[in-house]
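The primary structure of each chain is shown beneath.
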Amino acid sequence: MDDTPEIREQLSRAWRSTLDAAVANGAPPQAVVETMVTVAHECFAEAFGATAAASYLQLLAEQLRAGERCETDALVRGQPEERPSRSFMPADAEALIDPDWPTRNDLFG
């Protein structure tokens, strides 16, 4: 399977839907995010090795710091802060994903 921006966008929507569904079912948002990150990191380390996983986390941290610096610079210059919408999934795409799948018992046979 090719790795394309479209596939990455689809996967991002699936992760977001999973997060939103878990929170909608009563899970604390911070616990959901931390658990998703932990599982993803563990899977990354299994697939690519612990060093690569650590390097990737470092790269992500640097990107977040750079974003924070840009936001701070914009605030200092007096430019309005533009935050992206939390949900980037189109409404019709949400209908394609069963919102109850995280709590179903028949997912794996």
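See the structure shown above.
Residues numbered from 1 in each chain as written. Predicted model: local features only at pLDDT ≥ 70, side-chain atom pairs only at ≥ 80, totals over all residues. Heavy atoms only, no water.

Undergrad: I'd like a description of the layout of surface pockets, backed by residues and values.
TA: Put simply, the second largest pocket is a space of about 170 Å³. Taken together, L60, Q63, L64 and E68 make up the full set of residues lining the second largest pocket. Its residues assigned to classes, the lining of the second largest pocket shows 2 nonpolar, 1 polar and 1 charged. (1 Å grid on protein atoms, 1.4 Å probe; cavity = no way out; pocket = protein on both sides within 12 Å on 5 of 7 lines; lining within 4 Å. Points joined across faces, edges and corners; volume = space filled by probe spheres on them. Nonpolar A, V, L, I, M, F, W, Y, C, P; charged D, E, K, R; others polar.)

Undergrad: So what about the packing of helix α1 (residues 5–24) against helix α2 (residues 29–48)? Which residues, and what values?
TA: Two elements in contact, α1 and α2, have axes separated by 9 Å at closest approach and are oriented at 140 degrees. Regarding the angle of α1 to α2, the classification is oblique. As for how α1 packs across α2, the hand of that crossing is right-handed. When α1 is examined against α2, the residues W15, T18, L19, A22 and V23 are found in contact with a partner set consisting of P29, V32, V33, M36 and A40. Class assignment of the residues belonging to the contact of α1 with α2 gives a composition of 9 nonpolar, 1 polar and no charged. (Axes fitted to C-alpha atoms, helices over the stretch in contact; angles between N-to-C directions. Helix = DSSP H or I, 4+ residues; strand = E, 2+ residues; numbered from the N terminus. Parallel < 35°, antiparallel > 145°, perpendicular 65-115°, else oblique. Left-handed = near helix turned anticlockwise from the far one by under 90°. Contact = heavy atoms within 4.5 Å.)

Undergrad: Account for a nonpolar patch on the surface, with residues named and values stated.
TA: A contiguous nonpolar patch, built from Y56, L57, L59 and L60 and spanning about 320 Å² of accessible area, is present on the exposed surface. Its location among the elements puts L59 in helix α3 (residues 50–77). Given the relative accessible area of 40%, L59 is considered partly exposed. (Patch = residues over 30% accessible without salt bridge, like charges linked within 9 Å, V, L, I, M, F, W, Y side chains within 5 Å. Areas by Shrake-Rupley, 256 points an atom, 1.4 Å probe, with all protein chains shown as cover. Salt bridge = Lys/Arg side-chain N within 4 Å of Asp/Glu carboxyl O. Buried < 20%, exposed > 50% of the residue type's maximum accessible area, 1.4 Å probe, protein only.)

Undergrad: Hey, could you go over the environment of R16 for me, with residue numbers and the actual values?
TA: Mapped onto the elements, R16 comes out in helix α1. Each C-alpha atom, one on R16 and one on V33, is 10.0 Å from the other, the two residues being 17 residues apart in sequence.

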